[in-house]
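Remarks on the overall topology
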Amino acid sequence: MDGPGDEYAAWASGEGARQYFDEIGIQELDRLVKDVRGRVSLEVHLRFLARFVQPGWRVLEIGAGPGRFTVGLARLGAKVLVTDISGVQLRLNADFVAAQGYEKAVERREVLDLREVGRFGGEGFDAVVAFGGPLSYLFEGEAQALAGMLSAVRPGGVVLASVMSLYGTWRVALPIAAELAARYGPEVISAILATGDLRVVPERAHVCRLFTWDQVVELVEQAGGTLLAGSASNWASLGDSEALAYLEADEERWSRFLDQETMACNASGARDGGTHVLFAVGRRD
Ligand SMILES: C[S@@+](CC[C@H](N)C(=O)[O-])C[C@H]1O[C@@H](n2cnc3c(N)ncnc32)[C@H](O)[C@@H]1O
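In this report, the structure presented in the accompanying data block is examined. Since we're looking at a predicted model, the values are computed, not measured. The residue numbering used here restarts from 1 in each chain and proceeds along that chain's sequence as written. The model is predicted, so local features are restricted to residues of pLDDT at least 70 and side-chain atom pairs to those at 80 or more, both for listing and for counting; the totals for chains, interfaces and linings are taken over all residues. Side-chain numbers here rest on the full set of heavy atoms in the structure, without hydrogens or water.

Below, the discussion takes up the packing of helix H9 (residues 174-184) against helix H10 (residues 187-195). All axes are obtained by fitting lines to C-alpha atoms, using only the stretch in contact for helices, and the reported angles, taken between N-to-C directions, cover 0 to 180 degrees. A helix here means a DSSP run of H or I that spans at least four residues, while a strand means a run of E at least two residues long, and both kinds are numbered starting from the N terminus. At a closest axis distance of 7 Å, the pairing of H9 and H10 adopts a crossing angle of 125°. Considering their axes alone, H9 and H10 lie oblique with respect to each other. Along its contact with H9, which presents Ala 177, Leu 180, Ala 181 and Tyr 184, the element H10 presents Glu 187, Val 188 and Ile 189. Gly counts as polar in this scheme, as do all residues outside two lists: the nonpolar Ala, Val, Leu, Ile, Met, Phe, Trp, Tyr, Cys and Pro, and the charged Asp, Glu, Lys and Arg. Split by residue class, the contact of H9 with H10 holds 6 nonpolar, no polar and 1 charged. By definition in this entry, angles of less than 35 degrees are roughly parallel, angles greater than 145 are roughly antiparallel, angles of 65 to 115 are roughly perpendicular, and the rest are oblique. Contacts were defined at the residue level, with two residues in contact if any of their heavy atoms lie within 4.5 Å.

Here is the structure:
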């Protein structure tokens, strides 16, 4: 199986991701609320933020998209410098954050390609947050980008990120994987599992790099950081939809389930099993 062809050249430079997120626009706001999987993912990410972020912290948010985590950070009492590669997503972020009543928590908004995060080196942020996969859209240079994120936080500060999960996505998207194998041959799935790079599949409107937990550990090592915590973003919530609807129908049942689900996601054995892999990284100094 060949590697990615010219068809995805724009994705290697960041232009593909920018165009894609400009085009999907407001649809991105629905991703974390439209189904049970998204709602659980939102909750697990918010709880991960709450474990680390303190009131009064100054945070650089990368790939902020339409702002669900900008609002989450604001609710925790943080002041946020909001960035994204997509100007459309930044405008949606301004609308959503204002509608939620948290615009005062935003320091400013800037277009930023994660590849250029080095320009914030030495800024001494308390935290840098890149949730929902900005690191999954680089296709190379992820360790350099993570090192740049670490250089933007003060000693004792933290980088919080999530990337798309290889094995968890395969589990959730098994019907799509079967379809791809039928259309392009089973080697295409072997190539994805070997590289995590969705550019091995022809004719995709959206591509990204999927990560295993071991690759995240290696990435943190290469970037010169210290791994502080890891989590999956879904575990039991990827299971039977009827059981999940029953659990979600009752507030108390759902709240207890979310506690249990967060505990499971945090277990080391679950880290490859969700849609995303979350991780917290500190500086070594
Ligand atoms: C799946 S969305 C996640 C948005 C938000 N963080 C969330 O979790 O809801 C990915 C975001 O990353 C942004 N993005 C993609 N590649 C990027 C890059 N190289 N640098 C900065 N942002 C990028 C996209 O524009 C998009 O807003």
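Structure's up, so let's keep going.
So, on to empty space enclosed by the protein. Put simply, the grid is 1 Å and covers the protein atoms alone, a cavity is a trapped set of points that fit a 1.4 Å probe, a pocket is an open set with protein on both sides within 12 Å along at least five of seven lines, and lining residues have an atom within 4 Å of a point. Grid points are joined across faces, edges and corners, and a volume is the space filled by probe spheres set on the points. On inspection of all chains with the given rule, the structure shows 1 cavity of 30 Å³ or more. Looking at the largest cavity, it is lined by 28 residues, and the ones nearest its centre are Gly 63, Ala 64, Gly 65, Asp 84 and Pro 134. Its residues assigned to classes, the lining of the largest cavity shows 15 nonpolar, 6 polar and 7 charged.

Neighbouring the ligand are 22 residues, the closest being Gly 63, Asp 84, Asp 113, Leu 114 and Phe 131. Polar contact is the term for a pair of N or O atoms within 3.5 Å; when the atoms are in protein, one must be able to donate a hydrogen and the other to accept it, and sequence-neighboring residues count only if both atoms are side-chain atoms. Residue Leu 114 places a main-chain N or O atom 2.8 Å away from a nitrogen atom belonging to the ligand. At 3.4 Å, a side-chain N or O of Arg 115 approaches a nitrogen atom of the ligand. Summarising the interface, the protein chains cover 98% of the accessible area of the ligand, which totals 590 Å² for the free molecule. Among the detected pockets, the ligand sits in the largest cavity. Classifying every residue of the shell around the ligand gives 12 nonpolar, 5 polar and 5 charged. In this text, near means that some heavy atom of the residue lies within 4 Å of the molecule or strand in question. Note on areas: Shrake-Rupley with a 1.4 Å probe; residue coverage comes only from the protein chains shown. Molecules are considered to sit inside a cavity or pocket once more than half of their atoms lie within 2 Å of its grid points.

Attention now moves to the pairing of strand S3 (residues 106-111). The pairing criterion is simple: DSSP has to find at least two bridges between the two strands. As paired elements, strand S2 (residues 79-84) and S3 share 5 bridges and run parallel to each other. Counted as the bridge partner of Val 82 is Arg 109 from S3. The handedness of a crossover follows from its direction of travel: if, with the strands pointing away from the viewer, the path from the first strand over the helix to the second runs clockwise, the crossover is right-handed. Crossover connection from S2 via helix H6 (residues 87-99) to parallel S3: handedness right-handed.

Once that is clear, we can look at the pattern of salt bridges. Think of a salt bridge as a Lys or Arg side-chain nitrogen and an Asp or Glu carboxyl oxygen that are within 4 Å of each other. Taken as a whole, this structure holds 20 salt bridges when the rule is applied. A salt bridge links Glu 103 to Arg 109; its shortest N-O distance comes to 2.8 Å. Among the ionic contacts, a cluster of salt bridges with common partners joins Arg 58, Glu 107, Arg 108, Glu 110, Glu 116, Arg 119 and Glu 123.

Our next topic: the sheet that holds S2. The strand order across the open sheet formed by 7 strands is S3-S2-S1-S4-S5-S7-S6, and the pairing between neighbours is mixed. Each edge of the open sheet is held by one strand with a lone partner, namely S3 and strand S6 (226-232). Pairwise comparison of adjacent strand axes, ignoring direction, gives a mean angle of 15° for this sheet. Of the strands in this sheet, S2 and S3 are in contact with H6, which crosses S3 at around 160°.

The subject of this paragraph is a nonpolar patch on the surface. Within this analysis, patches are made of residues with over 30% relative accessible area and no salt bridge. Like charges are joined at 9 Å or less; nonpolar side chains (Val, Leu, Ile, Met, Phe, Trp, Tyr) at 5 Å or less. A cluster of nonpolar side chains, contributed by Tyr 167, Trp 170 and Leu 174, occupies part of the molecular surface with about 310 Å² of accessible area. Relative to the assigned elements, Tyr 167 resides in helix H8 (residues 166-172).

Turning to H6, a few remarks are in order. Given the number of residues in a helix, its expected span is that number minus one, multiplied by 1.5 Å. Counted at 1.5 Å a residue, the expected span for H6 with its 13 residues is 18 Å, and the 19 Å between its end C-alpha atoms agrees. Taken together, the buried positions of H6 are Gln 89, Leu 90, Leu 92, Asn 93, Phe 96 and Val 97. The buried residues of H6 all sit within an arc of 160° when viewed along its axis, so they share a single face. Among the exposed residues of H6, those oriented more than 90 degrees off its buried face are Arg 91, Asp 95 and Ala 99. For H6, the N-terminal cap is Ser 86; the gap from its side-chain oxygen to the backbone nitrogen of Val 88 is 3.3 Å. Phi turns positive, to about 85°, at Gly 101, one or two residues after H6. Three labels apply to residues, based on accessible area from a 1.4 Å probe with only protein chains included: buried if under 20% of the type maximum, exposed if over 50%, partly exposed otherwise in between. Taking the helix axis as origin, the arc is that swept by the directions to the C-beta atoms.

With respect to the secondary-structure elements, Ser 86 resides in the loop between S2 and H6. The exposure class of Ser 86 is buried, given its relative accessible area of 0%.

Another aspect to go through is the environment of Trp 213. With respect to the helices, strands and loops of the structure, Trp 213 is situated in helix H11 (residues 213-223). It is 9.8 Å that separates the C-alpha atoms of Trp 213 and His 276, two residues lying 63 residues apart in sequence. Non-local contacts of Trp 213, meaning those with residues more than four positions away in its chain, are made with Leu 227, Ala 229, Gly 230, Arg 271, Asp 272, Val 277, Leu 278 and Phe 279.

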